[in-house]
Every structure is written in structure tokens, then in C-alpha cells.
Amino acid sequence: MSFLQVKDKTFEPYLTASDINGQVQRLAAEINRDYKGKRPLFIAILNGSFMFSSDLFKAVNIEAEICFIKLASYKGTKSTGQVITAIGLDMDIHDRHVIILEDIVDTGKTLNEFLPQLHHQQPASLELAVLLHKPEATRYPVSIKYLGFSIPDKFVLGYGLDYDGLGRNIPEIYKLKEGAE
Ligand code: IMP
């Protein structure tokens, strides 16, 4: 087993490129079946989801559109706390079948706060396609219709996911080495 050193942390191999591709193809097949004739609009959340979104979208063989957004959080009022806004959402999602593409759901806070804003714009439907979910870490409920892998509460990197900006280019997924936390 070959370990990977990124800055001060040591990672070990977790999911191979072939494992990932298998799940991505399965998710695309389910979406192709469920959205035929509905011209879904995929909204990919950058940066982490760029590789997942690209591979998934290549396997979508029905008429579909995609756009890319970034989420930014800023301090709101005392009652609203942190507010999450979308940067770059220039598509009208009213009456559209929307599928959000996200790399990982950890605590669920980001999507839990952002999704109601999209619901507000009255899409015809709104579902999530997520590559990785850490159920043990999730504190804010999010309902994931298309999920690649349910994983333990361990920090992972590769395939778009970073540790302090590094590791996004690795085609496999690594996890923090046991005992290295
Ligand atoms: P949440 O709001 O806690 O669900 O956080 C989601 C975001 O945290 C993801 O979009 C990632 O950018 C980041 N994140 C959470 N867990 C990991 C991880 O294990 N590796 C890399 N990034 C992570």
C-alpha cells in the first residue's frame, strides 16, 4: 500500500478510480432513466465537484444542461447567522428539473442552508447527486437522491477534494491514515 504525504498529513488509498467510475456510471444511468424528456439542469458546486461533475455529465446521454456555481458564506444578522449565497447562478431555475452536483456532504450545513433558497425560486423538482456522504458527521438533514458512497467520518482527498488546496488532481480517493489524526 503506498501512502501519500500532503503537507503535514499522511493519507492511505481508499477508493480506486475504478470504484469511483462504477458509481458515477450507475448514478448517470439512474438519472438518464429518471429524467428522460425532462431536460434537467445540473448545478455543479465548485470547487470540489468539478471532477465528479465532468465524469457524470459525460455519462448523461439525455438532453441536459449544466452550470457551475460557487457558494460563499458571509456573516448575516444576529438571527440569520451565517448566510450562504450562490455566485454565478445565471440560469432561471423556475419550472426546471434541477439536480445539484456536490462532491461531499459532511455536516450537511452548506446544503441545508442553501437548498431552501433554490426552492424559493420554484423549480419543477430539486434533487441532489452527491459522490460521498459521511452519515456519522451529518448534523443538518439533507435528502440525497443519488449517492455514490456512504463513508465513515474520516477526512478524504483526491478526485476534486482537497486538503488545504492540494490533492484535487489525484484520480483516486485517499483517506487520512488510521491513527494519523
Ligand atoms: P458540510 O457543509 O459540512 O456538509 O461541508 C461540505 C463541504 O466541506 C464540502 O463541499 C467540502 O468542500 C468540505 N469537506 C467536507 N469533508 C471533507 C473531506 O473529507 N475532504 C475534503 N473536503 C471536505
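Please refer to the structure higher up on the page.
Structural notes, computed from the coordinates. (Residues numbered from 1 in each chain as written. Predicted model: local features only at pLDDT ≥ 70, side-chain atom pairs only at ≥ 80, totals over all residues. Heavy atoms only, no water.)

1. A few points about the packing of helix H1 (residues 17-34) against helix H2 (residues 50-58)
Next, step 1: Put simply, H1 and H2 touch, their axes get as near as 9 Å, and they point 55 degrees apart. Comparing the axis directions of H1 and H2 gives the class oblique. Like other packed secondary-structure pairs, H1 and H2 cross with a definite hand, here right-handed. Facing H1, whose interface residues are Val24, Leu27, Ala28 and Ile31, H2 presents Phe52, Asp55 and Leu56. (Axes fitted to C-alpha atoms, helices over the stretch in contact; angles between N-to-C directions. Helix = DSSP H or I, 4+ residues; strand = E, 2+ residues; numbered from the N terminus. Parallel < 35°, antiparallel > 145°, perpendicular 65-115°, else oblique. Left-handed = near helix turned anticlockwise from the far one by under 90°. Contact = heavy atoms within 4.5 Å.)

2. Things to note about the site of the ligand
Next, step 1: With respect to spatial proximity, 15 residues lie near the ligand, and among them Thr107, Gly108, Thr110, Lys134 and Val156 are the closest.
Next, step 2: Contact distances for the ligand include 3.4 Å between an oxygen atom and a backbone N or O atom of Lys109.
Next, step 3: In isolation the ligand offers 490 Å² of accessible surface; the protein chains occlude 79% of this area.
Next, step 4: Counting only elements with at least two residues in the shell around the ligand, the list comes to strand E6 (97-105) and helix H3 (109-119).
Next, step 5: In terms of residue count, E6 provides more of the shell around the ligand than any other element does, four residues in total.
Next, step 6: A class-by-class count of the residues in the shell around the ligand yields five nonpolar, three polar and seven charged. (Near = heavy atom within 4 Å. Polar contact = N/O pair within 3.5 Å; in protein donor to acceptor, adjacent residues only side chain to side chain. Areas by Shrake-Rupley, 256 points an atom, 1.4 Å probe, with all protein chains shown as cover. Nonpolar A, V, L, I, M, F, W, Y, C, P; charged D, E, K, R; others polar.)

3. Points about H3
Next, step 1: Among the residues of H3, those classed as buried are Leu111, Phe114, Leu115 and Leu118. Buried residues of H3 fall within an arc of 110 degrees about the axis and therefore sit on the same side.
Next, step 2: As for H3, its buried residues are in contact with strand E3 (41-46), strand E4 (65-75), strand E5 (82-87), E6 and strand E7 (125-133). (Buried < 20%, exposed > 50% of the residue type's maximum accessible area, 1.4 Å probe, protein only. Arc of directions from axis to C-beta.)

4. Regarding the sheet that holds strand E2 (residues 9-15)
Next, step 1: Taking strand neighbours across the sheet as the criterion, the four strands line up as E1-E2-E10-E9 in an open arrangement whose pairing is antiparallel. The strands lining the two open edges of the sheet, one partner per strand, are strand E1 (4-6) and strand E9 (156-157).
Next, step 2: Judged from the four bridges that link them, E2 and strand E10 (residues 173-176) form a sheet pairing that is antiparallel. Following the sheet pairing, Leu15 is matched in E10 by Ile173. (Pairing = 2+ DSSP bridges.)

5. Thoughts on the packing of aromatic side chains
Next, step 1: Per the counting criterion, the structure on display carries five aromatic pairs.
Next, step 2: Their ring planes at 75 degrees and their centres at 5.5 Å tell us that Phe42 and Phe57 sit as a pair that is edge-to-face. Of the two residues, Phe42 is situated in strand E3 and Phe57 in helix H2; the sequence distance between them amounts to 15 residues.
Next, step 3: Given a relative accessible area of 26%, Phe57 falls into the partly exposed group.
Next, step 4: Among the aromatic residues, ring-to-ring pairing joins Phe11, Phe155 and Tyr163 into one connected group.
Next, step 5: Across from the ring centre of Tyr35, 5.7 Å away, lies the NZ or CZ of Lys38, which sits over that ring.
Next, step 6: Above the face of the Phe3 ring, Lys177 is positioned so that its terminal group lies 5.2 Å from the ring centre. (Phe/Tyr/Trp six-rings, centres within 6.5 Å; stacked < 30°, edge-to-face > 60°. Lys NZ or Arg CZ within 6 Å of the ring centre and 35° of its normal.)

6. Some thoughts on the side chain of Ser49
Next, step 1: Position of Ser49 relative to the elements: it lies in the loop between E3 and H2.
Next, step 2: Not counting residues up to four positions away in its chain, the partners in contact with Ser49 are Ala44, Leu101, Glu102 and Asp103.

Without other data, these values stay purely geometric and don't point to any function.
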